[in-house]
Amino acid sequence: MADLLRRLGASLVDRIWQLGFASRFFWAVLRYSGQCLTRPNLTVREVYFSGVLSLLIITVSGLFVGMVLGLQGYETLQRFGSSEALGILVALSLVRELGPVVAALLFASRAGSSITAEIGLMKATEQLKAMDMMAVNPLARVVAPRFWGGVISMPFLAALFSAMGVFGGWLVGVVLIGVDDGAFWSQMQASVDFREDILNGVIKSVVFGAAVSWISVFEGYDSAPTAEGVSRAITRTVVTSALVILALDVVLTSFMFRGA
Amino acid sequence: MPTESLVEIRGLNFAYDTDSGPRKVLEGIDMSFHKGKVVAIMGGSGCGKTTLLRLIGGQLRPSAGEVKVAGHAVHRMNTRELYALRRRMGMLFQFGALFTDMSVFDNVAFQMREHTDLPEELIRDMVLLKLQAVGLRGAAGLMPNELSGGMARRVALARAVALDPMLIMYDEPFTGLDPISLGVIGQLIRKLNDALGATSIMVTHDIQESLQIVDYIYFMSAGRVVAQGTPDEIRASRDPFVHQFVHAEADGPVPFHYPAVSVADSLLGGVRG
């Protein structure tokens, strides 16, 4: 029993230590972000790798999620004779929740894991040490551009996910099932508020983008410099990102949509 | 060695912090690296050679003693001063550590682009000259994954001397190379050092190659300097450690067996480590 408690305590202390190190690392990344402004091409390159190369998975997933929403939403709404409200249901579900959350989960799996792998392998093959010995700070040259590339990409990916989702919902609801086209769009237009719904969704996606990017660059930088260490770091990135996204979503939603 | 020294190490101690307390790696090291010379630090794996290079480069801080490069105590420098000093240093890592997302050309151009405002045409000429010096001008457009081990090491060498450093450090430059590549790298280390008027510190355990190209050798064992001298002095040495090392004997002052309880105790009492 005492041994179990000791191990639990040691594990807790380890986690707190790790969180402290991650926070100091985050602060250091922000401090060395100046180069991202003076040399924007470094960040643009990372926006390409994190954002542009994630377009396919985001587009296709958004379309499928929207189609499922259309099917499930119609099934429920028609029981209450309000199938015209399908547009509202699809749009609000996507813009408020599914867009930012699912896009962030996909972003963590697609781009976050690759950021962790790249930085982890650079560390394992001494590329970061070599850069440091060349008087080039790896935090400024490697880490900060990848962090900001993720933060910038995420809101656009979430917006694209939502737009494709709405399109998918329309495709199933209006084109396949036969919900009235005018009602679908006009009810959506009347009920979706720019500040309450869209802006809050954008804020969520920025926060998720920052969280996933932070976790990804930290796990890569902190990984053990071995094949096993890098693979564990990639797993941690995906798992921790998913948990953090969902936990942050609860917190943000409770602040944003209080009785609105 | 009569010339002025570029790197001075005095009373250097270093220990890594581990969960079970500090683990001593270097103890009471005194070394001098004179300008224009190629000096080898030799010893078995894990004797603290690479740690010593990292202390000279300022990537680690000593527990006691001091490391001076060009008259400046490296461990007392702040990041800005350290980076200013490192611009005048070059380092070749054990497996090259080339940036895998950049071509050979971009790898060699990396420091020039980061630290100078030179026009791209001039950088191009300088990079091609560096690659010409290591015989790989024709490989400028290749990516690191298209290079053999020996070629990658030569590109890393060209990158290490890109800004004509005053001090070049080599971490196991001969590891994993075929005899031809090994000879080529050895000759390049000597030629580049003399052409640039630089000082070279080479951590290695390749005794035969080192004896041909270096001016001075330090032997290390268990974190201490156990022997030193010019190649001729080393060849003639009767020191048991040097003898074991030069003649590649399995047992001697460096034991074949990892410390353990006696064989009888192990076999009769179960393996207790």
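These numbers were taken from a predicted model, which means no experiment stands behind them.

Peer 1: What's the story with the overall build of chain B in this structure? I'm lost.
Peer 2: Across its full length, chain B holds ten helices and ten strands. Considered along the principal axes of its C-alpha atoms, chain B spans approximately 70 × 40 × 40 Å. Looking at chain B alone, contacts between residues at least 24 apart form 64% of all its contacts between residues at least 6 apart.

Peer 1: How do you make sense of the interface of chain A and chain B when you look at a structure like this?
Peer 2: With ten residues of chain A in contact, the opposing surface of chain B contributes 15 residues. Its residues assigned to classes, the side of chain A that touches chain B shows five nonpolar, two polar and three charged.

Peer 1: What is the right way to look at the packing of helix 5 (residues 86-124) of chain A against helix 8 (residues 181-191) of chain A in this model?
Peer 2: When two helices pack together, their arrangement is given by the angle between the helix axes and the distance between those axes. All names here are of chain A. Two numbers describe how helix 5 lies on helix 8: the axes approach to 7 Å, and their chain directions differ by 50°. In terms of orientation, helix 5 lies oblique with respect to helix 8. Judged by the sense of rotation from one axis to the other, the crossing of helix 5 with helix 8 is right-handed. When helix 5 is examined against helix 8, the residues Leu 86, Gly 87, Ile 88 and Ala 91 are found in contact with a partner set consisting of Phe 184, Trp 185, Gln 187, Met 188 and Ser 191. A class-by-class count of the residues in the contact of helix 5 with helix 8 yields six nonpolar, three polar and no charged.

Peer 1: I keep staring at unusual backbone geometry and nothing clicks. Help me out?
Peer 2: Phi is mostly negative for residues that are not glycine, and the peptide bonds are mostly trans. Residues and elements named next belong to chain B. Backbone geometry places Ala 70, a non-glycine residue, at a positive phi of 50°. Looking at where Ala 70 falls in the secondary structure, it is placed in the loop between strand 4 (64-69) and strand 5 (72-73). Its identity is not glycine, yet Glu 172 carries a phi of approximately 45°, on the positive side. Topologically, Glu 172 is positioned in the loop between strand 7 (167-171) and helix 6 (179-196).

Peer 1: What exactly am I supposed to notice about the sheet that holds strand 4 of chain B here?
Peer 2: Sheet strands pair by backbone hydrogen bonding; their relative direction is either parallel or antiparallel. Residue and element names in this part refer to chain B. Strands sit in the order 2-1-4-5 across an open sheet of four strands; the sheet is antiparallel. Each of the sheet's edge strands pairs with one partner strand only, and the pair in question is strand 2 (21-34) and strand 5. As judged from the ten bridges shared by strand 1 (residues 5-18) and strand 2, these two strands associate in the antiparallel manner. Counterpart to Tyr 16 in the pairing with strand 2 is Arg 23.

Peer 1: Which parts of the structure should I look at to understand the sheet that holds strand 8 (residues 199-204) of chain B?
Peer 2: All names here are of chain B. Read from one edge of the open sheet, six strands run 6-7-8-3-9-10, paired in mixed fashion. Strands at the two margins of the open sheet, each flanked by one partner only, are strand 6 (89-92) and strand 10 (224-229). When the angles between neighbouring strand axes are averaged without regard to direction, this sheet yields 15°. As paired elements, strand 3 (residues 38-43) and strand 9 (residues 216-221) share five bridges and run parallel to each other. Paired with Ala 40 across the strands is Ile 217, a residue of strand 9. Helix-sheet contacts for helix 1 (residues 49-56) involve strand 3, strand 7, strand 8 and strand 9, and the interaxial angle to strand 8 is about 150°.

Peer 1: I tried to follow the confidence of the model for chain B on my own but got confused; where do I start?
Peer 2: Detailed reading of predicted coordinates is not advised where the pLDDT is low. Residues and elements named next belong to chain B. On average, residues of chain B score 87 in pLDDT, and 95% of them are at 70 or above. In the model of chain B, helix 10 (residues 263-269) stands out as the element of lowest mean pLDDT, 77, in contrast to helix 3 (residues 104-115), which has the highest, 94. What the predictor reports for the complex is a pTM of 0.86 with an ipTM of 0.83.

Peer 1: What's the story with the environment of Leu86(A) in this structure? I'm lost.
Peer 2: Residues and elements named next belong to chain A. Relative to the helices and strands, Leu 86 is located in helix 5. By the C-beta count within 10 Å, which is 28 here, Leu 86 ends up buried. The residues contacting Leu 86, other than those within four sequence positions of it, are Gly 70, Gly 73, Tyr 74, Leu 77, Gly 169, Gly 173, Val 179 and Phe 184.

Peer 1: Help me understand the UniProt feature "domain: ABC transporter" (unreviewed entry) in chain B, please; the structure alone is not making it clear to me.
Peer 2: Per the UniProt annotation, the sites labelled "domain: ABC transporter" (unreviewed entry) are residues 9-247 of chain B. In residues 9-247 of chain B, helix accounts for 38% and strand for 27%; the two terminal C-alpha atoms are 29 Å from one another.

Peer 1: Sorry if this is basic, but what is going on with the packing of helix 5 of chain A against helix 9 (residues 194-222) of chain A here?
Peer 2: All names here are of chain A. Contact geometry for helix 5 and helix 9: axes closest at 8 Å, N-to-C directions at 20°. Classified by the angle their axes make, helix 5 and helix 9 are roughly parallel. The handedness of the crossing between helix 5 and helix 9 is right-handed. For the contact of helix 5 with helix 9, the per-class residue count stands at 15 nonpolar, ten polar and six charged.

Peer 1: Before we go on, may I ask you to explain helix 3 (residues 40-50) of chain A in this structure?
Peer 2: Because an α-helix completes one turn every 3.6 residues, residues spaced three or four positions apart along the sequence face the same direction. All names here are of chain A. Buried residues of helix 3: Thr 43, Glu 46, Val 47 and Ser 50, and no others. Taken end-on, helix 3 shows its buried residues confined to a sector of 105°, consistent with a single buried face. Those residues of helix 3 that are exposed and angled more than 90 degrees off the buried face are Asn 41 and Tyr 48. Elements in contact with the buried residues of helix 3: helix 2 (34-38), helix 5 and helix 7 (138-177).

Peer 1: So what exactly am I meant to see when it comes to the environment of Phe14(B) here?
Peer 2: Residues and elements named next belong to chain B. Looking at the element boundaries, Phe 14 is found in strand 1. Taking the C-alpha atoms as reference points, Phe 14 and Lys 49, 35 residues apart in sequence, are found 12 Å from one another. Setting aside residues up to four positions removed in sequence, Phe 14 forms contacts with Val 25, Leu 26, Thr 51, Leu 55, Leu 60, Pro 62 and Ser 63.

Peer 1: What should I look at first to understand the UniProt feature "transmembrane region" (unreviewed entry) in chain A in this one?
Peer 2: Residues and elements named next belong to chain A. UniProt tags residues 52-74, 86-108, 156-177, 198-218 and 238-257 as "transmembrane region" (unreviewed entry). For residues 52-74, the helix share is 87%, the strand share is 0%, and the end-to-end C-alpha distance is 33 Å. Across residues 156-177 one finds 100% helix and 0% strand; the C-alpha atoms that close the span lie 30 Å apart.

Peer 1: Please clarify how the pairing of strand 3 of chain B should be interpreted in this entry.
Peer 2: For a regular strand, the rule is simple: side chains alternate between the two faces of the sheet. Residues and elements named next belong to chain B. The buried fraction of strand 3 is high, at six of six residues. Taking every second residue as pointing to the same face, both faces of strand 3 are buried, with Val 38, Ala 40 and Met 42 on one and Val 39, Ile 41 and Gly 43 on the other. Of the strand pairs in this sheet, strand 3 and strand 8 are connected by five bridges, and their pairing is parallel. Note on strand 8: the bridge partner recorded for Val 38 is Ser 200.

About the cut-offs
Residues numbered from 1 in each chain as written. Chains lettered and ligands numbered in written order. Predicted model: local features only at pLDDT ≥ 70, side-chain atom pairs only at ≥ 80, totals over all residues. Helix = DSSP H or I, 4+ residues; strand = E, 2+ residues; numbered from the N terminus. Contact = placed C-beta atoms within 7 Å. Nonpolar A, V, L, I, M, F, W, Y, C, P; charged D, E, K, R; others polar. Axes fitted to C-alpha atoms, helices over the stretch in contact; angles between N-to-C directions. Parallel < 35°, antiparallel > 145°, perpendicular 65-115°, else oblique. Left-handed = near helix turned anticlockwise from the far one by under 90°. Pairing = 2+ DSSP bridges. pLDDT = per-residue confidence, 0-100. Buried ≥ 20, exposed ≤ 12 C-beta atoms within 10 Å, placed from the backbone. UniProt positions renumbered as here; feature names shortened; annotations may be inferred. Arc of directions from axis to C-beta.

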